[in-house]
Structure formats: C-alpha cells, structure tokens
Amino acid sequence: MQSDLMVFHCGPVKITITPDEQTMGRLTADHIIRTLKTKHAAGVPTALWLMAAPSAFAFYGALVDTAGRDETLRGILQKTHFFQFDDYPVSRQSPKFQTTFRHLLEQHLFGPLSAVCGKLSNLHPLELTGSEADKRIQDAYRDDVLALRQRGVYFIQLKGIGMDGHWGFHGAETPLDMAPAMITVPMNSQNIRQQMLDWPQFFPAAADVPKTACTFNVPMFLLADEIVDNVPQAAKTFAVLAVYGTEAVVNAAPSSAIKRHHRACAYLTRAAAGALLKFR
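If you're wondering where the values come from, they're calculated on a predicted model, not measured in any experiment.

> Is there a simple way to think about the pattern of salt bridges in this case?
Note on pairing: side chains with opposite charge can pair once their charged atoms come close. Under the definition given, this model contains 11 salt bridges. Here Arg-26 ties to Asp-30 by a salt bridge, and the two come within 3.5 Å at their closest N and O atoms. With Arg-26 and Asp-30 both in helix H1 (residues 21–41), this residue pair falls four residues apart, about one helical turn. Residue Asp-30 is classed as partly exposed on the basis of its relative accessible area of 25%. Salt-bridge contacts for Asp-65 lead to Arg-69; the nearest nitrogen and oxygen are separated by 3.0 Å. Of this pair, Asp-65 and Arg-69 are both found in helix H2 (residues 57–69), four residues apart, which corresponds to roughly one turn of the helix.

Here is the structure:
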C-alpha cells in the first residue's frame, strides 16, 4: 500500500497522493480516528467540523465501517460534537429541504453512523429557516463553536476544495482578511455549476440552485485545531494546482489559506492531483 502513495509538502501542509478515492477516504478516516483516540485517552473532548459534499463520501463510509468493528471508537463518536461548514437558507418544512447539507449529512453520515454507534449525543445541525431569523441563527452557530473551543474541545476539520478554489462557500468574491464569522454569500457561477454537477437530480438547471448560501468564512475555519483536506475529483485538478502549486496564499483561491495553519494535511487522489504532479 505504501508504495502506491506519494508524499510531499507544500509549505507546512503534508500532502499524500493516493491511487483512488477509496484509499483516500480510508487513510483520512484512519488519520482522524487516531486523533480522536489520542485526545480521548488524554481526556480531551473532540469535535468533527465536516464538509457535506461528495468529496467526503469515501471518508463517511470508512468511518462508519470502522466504527462498526471498533467498540472504543463507537463510544468516542457517541460523545463527539459534529458541526457543519455551511448550508442553504432552507427550512426543514420546505419541500426543498432534501437539497440541504443537513439532509445530506443525515442521510450519508449521521444515519449510518447512528445505526452502528447508537445515539450521537452532540449533533449540531445548522437549522436555517429562509427568514430574517437566519442572521441570529448564524451568529448563534458561530458562538457555539467559539464557546466549545474556549472550553477546550479539540476541533478536527475535514474540508474539500471547490472547483474555483473555494472553502465552504467562501469564494474569491469574499476577502480573506475578515474577522471569524458565519456569513451569507451569493452563489457565483462556478458554485452553481458545481452544485449542478454534484446533484443533477436536485438541480437540473441553474435556476434551481439557491441564490445564496450561509457559510463560515476562512478566518473562522482556520480556528480549527487540525485540518484535513480531501479532493477526489479529476474535475478539480486545476483548483488543486492553484491551492498547492506554490506556497502563496491568494484571495482568488481561498482554500490556499490552509497553508497558514500549523497542523494541516491533505489526502488527494492521483486524478485530482494530475495537474499538480505535472507542475512539480
């Protein structure tokens, strides 16, 4: 297995190139599980701060599979806090709820994980409503993360890279030098296209994609204690190059700010890293 991997650094970020998506997800799960167990043994509570996207599906599956065989891990996950990155301003009562990241996480992670672990005690869904109350809901969600960090909870973040280099829904139109916050942003053309590619059954046309999304910004994401990047898709090869081709941090590719973090790594597939490997 090790002979199938390529490892190098871009600034402080350790990058592991894997042969395929399944290997990427399993190595990511192994990495995060080791951290969860280490913190548990030291009496440190943990939080998983997770993207909700197909980029994470291999990780979700590997985490659920391992939990099914590991009683210690099941006990840890029952107490672990789970937070989202972002979501659409859509309420649970809306017929469009199935397009939300809450629904995605419940269907692809929390449901399967609960089936093997039992009740997950600390789920934190971002319960947006599509109303004027959403600003208050976003601020409260940000404050929940900050409060847990102040109480010593260790935050492990799993991110991806958008086709235009975004992080969550923080795109190039949003400055990197902001205070940590949760913000509402317009869905730019690349975001809309990516959602149509990821979810053609929900978004067959651009007009079907929500016009705005709520997201943590990059300065908030950088408050995580540890960050793991996952990119499996060949369609993102030039975004990966923009992020990891040099040590520069550029507003045009917000995910490049991961190189400002002291404890970050990336697991990429060969397909996603194709342009990066050629560049190197």
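> Would you mind going over the nonpolar core with me for this structure?
Soluble globular proteins tend to bury their nonpolar side chains together. Ranked by size, the top nonpolar core spans 92 residues in total, and within it Trp-49, Leu-77, Leu-113, Tyr-244 and Leu-268 carry the most contacts. When neighbours within four sequence positions are excluded, Tyr-244 is seen to be in contact with Cys-10, Val-13, Ile-15, Ile-161, Asp-229, Ile-258, Ala-266, Leu-268 and Leu-276.

> How should I be thinking about the pairing of strand E1 (residues 6–10) in this particular structure?
Within a regular beta strand, the side chains point alternately toward one face of the sheet and then the other, so they alternate between its two faces. Pairing of E1 with strand E2 (residues 13–18) involves five bridges; the strand directions are antiparallel. Across the sheet, the residue bridging to His-9 is Lys-14, located in E2. Counted between consecutive antiparallel strands, the loop separating E1 from E2 contains two residues, among which Gly-11 sits at a positive phi close to 60°.

> I tried to follow the packing of H1 against helix H3 (residues 71–79) on my own but got confused; where do I start?
The geometry of a pair of packed helices is captured by two quantities: the angle between their axes and the separation between those axes. Where H1 meets H3, the axes come as close as 10 Å, and the angle between the chain directions of the two elements is 80°. In terms of their interaxial angle, H1 and H3 are classed as roughly perpendicular. Together, Ile-33, Leu-36, Lys-37 and His-40 of H1 and Leu-73, Ile-76 and Leu-77 of H3 make up the contact between the two elements. When its residues are assigned to classes, the contact of H1 with H3 shows five nonpolar, one polar and one charged.

Rules of the game
Residues numbered from 1 in each chain as written. Predicted model: local features only at pLDDT ≥ 70, side-chain atom pairs only at ≥ 80, totals over all residues. Heavy atoms only, no water. Salt bridge = Lys/Arg side-chain N within 4 Å of Asp/Glu carboxyl O. Helix = DSSP H or I, 4+ residues; strand = E, 2+ residues; numbered from the N terminus. Buried < 20%, exposed > 50% of the residue type's maximum accessible area, 1.4 Å probe, protein only. Core = buried A, V, L, I, M, F, W, Y, C linked by side-chain atoms within 4.5 Å. Contact = heavy atoms within 4.5 Å. Pairing = 2+ DSSP bridges. Axes fitted to C-alpha atoms, helices over the stretch in contact; angles between N-to-C directions. Parallel < 35°, antiparallel > 145°, perpendicular 65-115°, else oblique. Nonpolar A, V, L, I, M, F, W, Y, C, P; charged D, E, K, R; others polar.

All we've got here are geometric facts, nothing functional implied.
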